[in-house]
Amino acid sequence: MRGQQNCHARPLHSVSDETAHVLDRPGVRLHYRRTPRRAGPAVVLLHGLASNLTRWSEFVAATSLRQQAQLIRLDLRGHGDSDTRRRVGLEAWSDDLIALLDAEAQPQAVLVGHSLGAQVALHCAAHYPGRVRALVLIDPVFRAALRGRWRLMAAAGPLFALAATAVRGANAVGLRRRQLAPLDLEALDRQARIALQSPAAEAEFIRQYSSTRADLRSFRSAHYLQELVELFRPLPPPASYAQPMLVLLSTGATFAALAATRSIAAGFPHGRVQTIDCHHWPLTERPFEVRQAIEGFVAPHIGPYPAATPALR
């Protein structure tokens, strides 16, 4: 099973100053990588649905933020090497994030999340506002902006939740996969960019990156069903967030209407909305442009802590 390290080991193109760590939490061992501690808040990088921390390998290797802030990227509970048979969800992921910040003695962090990772960042900021200095949301999912089959999938959330419970029940009596295929998103991204040099390959790129079947080769079925519920869960209204926020939206709007998404994102009181010319995978399709946007926004928010740092809780 994937919790056994040598069963699911993924190739990682290591960054010279990055080290691997494990944090024991109820029901899971969280695997994460970090760069050296700096004077100010950490920058925590959150991957999307059925993904893992290799989503951020290229970013960590190339970003100038590494010289200014501690970077932390993790396999969220149920992903990559942070395997678990227990239920996953926004509450568990947010609590894990706070426990990780506590373990790293970080009073605050800047949260940077893509897709599902953006939902986790928003949930964490709403429930632990003192711990989140600022947010970068890459293609957050606003339920009211969904279109087509994605709107139907959001409405089917209770059915997905029941199906997830049924699969976990089957797992409990031994009906489960013992091993999952490894997923190295850095390598996959490089292959995708080569393919995208041909306009004819664009449809195949979208098909592959949107494929549930492909996701399930490297991800547990119960978690996938539950994540569809979590991805489309309603979040607090934008006006309730006090943190500075950058919202990066893909112009391709694969899952939601761009105009509606932009309108909702404009409701964050201290938010700024920027579009990236791509589908729903800006870190894959436009890594340099995304990195520049994140660096420009985050840099002013990672200065040294004041003499009296915020309380951990």
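Okay, so let's go over this structure. (Residues numbered from 1 in each chain as written. Predicted model: local features only at pLDDT ≥ 70, side-chain atom pairs only at ≥ 80, totals over all residues. Heavy atoms only, no water.)

Structural notes on the overall build of the protein chain
When helices and strands are tallied, the protein chain shows 12 helices and 8 strands. Taking 313 residues into account, the globule formula puts the C-alpha radius of gyration at 20 Å, and the protein chain, at 18 Å, falls close to it. The principal-axis extents of the C-alpha atoms in the protein chain amount to approximately 55 × 40 × 40 Å. Counting over 313 residues, the protein chain shows a buried share of 53%. The long-range share in the protein chain, meaning contacts at least 24 apart out of those at least 6 apart in sequence, stands at 79%. A total of about 12900 Å² of accessible surface is found on the protein chain, and carbon and sulfur atoms cover 57% of it. Positive and negative side-chain charges of the protein chain, numbering 37 and 25 respectively, have mean locations separated by a distance of 4 Å. (Helix = DSSP H or I, 4+ residues; strand = E, 2+ residues; numbered from the N terminus. Rg over C-alpha atoms; globule rule 2.2 N^0.38 Å. Buried < 20%, exposed > 50% of the residue type's maximum accessible area, 1.4 Å probe, protein only. Contact = heavy atoms within 4.5 Å. Areas by Shrake-Rupley, 256 points an atom, 1.4 Å probe, with all protein chains shown as cover. Lys, Arg positive; Asp, Glu negative; His and termini not counted. Charge placed at Lys NZ, Arg CZ, Asp CG, Glu CD.)

Structural notes on the nonpolar core
Within the largest apolar cluster, 57 residues are counted, with the highest numbers of intra-cluster contacts made by V44, L137 and F268. For L137, the residues in contact, after removing those within four places along its chain, are G113, A118, A121, L122, M245, L246, V247, L248 and F268. The next biggest cluster of nonpolar side chains, apart from the first, holds 25 residues, and it includes V60, V136, L283 and I294. (Core = buried A, V, L, I, M, F, W, Y, C linked by side-chain atoms within 4.5 Å.)

A closer look at unusual backbone geometry
Positive phi, close to 55°, is recorded for A105, a residue that is not glycine. Examined against the element boundaries, A105 turns out to sit in the loop between α2 (90-103) and β5 (109-114). Even without glycine at this site, D139 takes up a positive phi of about 50°. Relative to the elements of secondary structure, D139 occurs in the loop between β6 (132-138) and α4 (148-155). Note on D139: relative accessible area 7%, which makes it buried.

Focus on empty space enclosed by the protein
Evaluation of the coordinates by the stated rule reveals 2 cavities of 30 Å³ or more. Taken as a whole, the largest cavity holds about 140 Å³ of empty space. Within the residue set of the lining of the largest cavity, elements represented by two or more residues are β7 (245-250) and α10 (258-265). Grouping the amino acids of the lining of the largest cavity by side-chain chemistry returns 8 nonpolar, 5 polar and 1 charged. As a volume, the second largest cavity reaches approximately 60 Å³. Taken together, R55, E58, F59, D189, L283, P287 and R291 form the lining of the second largest cavity. Within the residue set of the lining of the second largest cavity, elements represented by two or more residues are α1 (57-62) and α12 (287-298). (1 Å grid on protein atoms, 1.4 Å probe; cavity = no way out; pocket = protein on both sides within 12 Å on 5 of 7 lines; lining within 4 Å. Points joined across faces, edges and corners; volume = space filled by probe spheres on them. Nonpolar A, V, L, I, M, F, W, Y, C, P; charged D, E, K, R; others polar.)

Observations concerning the pattern of salt bridges
All told, the structure shown has 16 salt bridges when counted by the stated rule. Its salt-bridge partner being D189, residue R55 comes within 2.4 Å of it at the nearest N-O pair. Pair noted here: R55 is in the loop between β3 (42-46) and α1 and D189 is in helix α6 (residues 185-195), with a separation of 134 residues, a long-range link. Each of the two residues, R55 as well as D189, counts as buried. Ionic contacts of the salt-bridge type, sharing partners, join the residues E58, E186, R190 and R193 into one network. (Salt bridge = Lys/Arg side-chain N within 4 Å of Asp/Glu carboxyl O.)

Digging into the side chain of E18
Mapped onto the elements, E18 comes out in the segment before β1 (19-25). Here R33 takes part through its side chain, which lies 3.2 Å from a polar atom of the side chain of E18. A polar contact of 2.7 Å, which involves the side chain of E18, links it to the side chain of R73. Excluding residues within four positions of it along the chain, E18 makes contact with R33, R34, T35, V60 and R73. (Polar contact = N/O pair within 3.5 Å; in protein donor to acceptor, adjacent residues only side chain to side chain.)

Digging into the pairing of β1
Summarising the sheet, β1 and strand β2 (residues 28-34) pair through 7 bridges and their orientation is antiparallel. When the bridges of β2 are listed, H21 appears paired with Y32. (Pairing = 2+ DSSP bridges.)

Some words on the packing of α2 against helix α3 (residues 116-127)
Running from N to C, α2 and α3 cross one another at 70°; their axes reach a closest spacing of 9 Å. When the axis of α2 is compared with that of α3, the two are roughly perpendicular. Across the interface between the two elements, L90, E91, W93, S94, L97 and I98 of α2 pack against L116, Q119, V120, H123 and C124 of α3. Its residues assigned to classes, the contact of α2 with α3 shows 7 nonpolar, 3 polar and 1 charged. (Axes fitted to C-alpha atoms, helices over the stretch in contact; angles between N-to-C directions. Parallel < 35°, antiparallel > 145°, perpendicular 65-115°, else oblique.)

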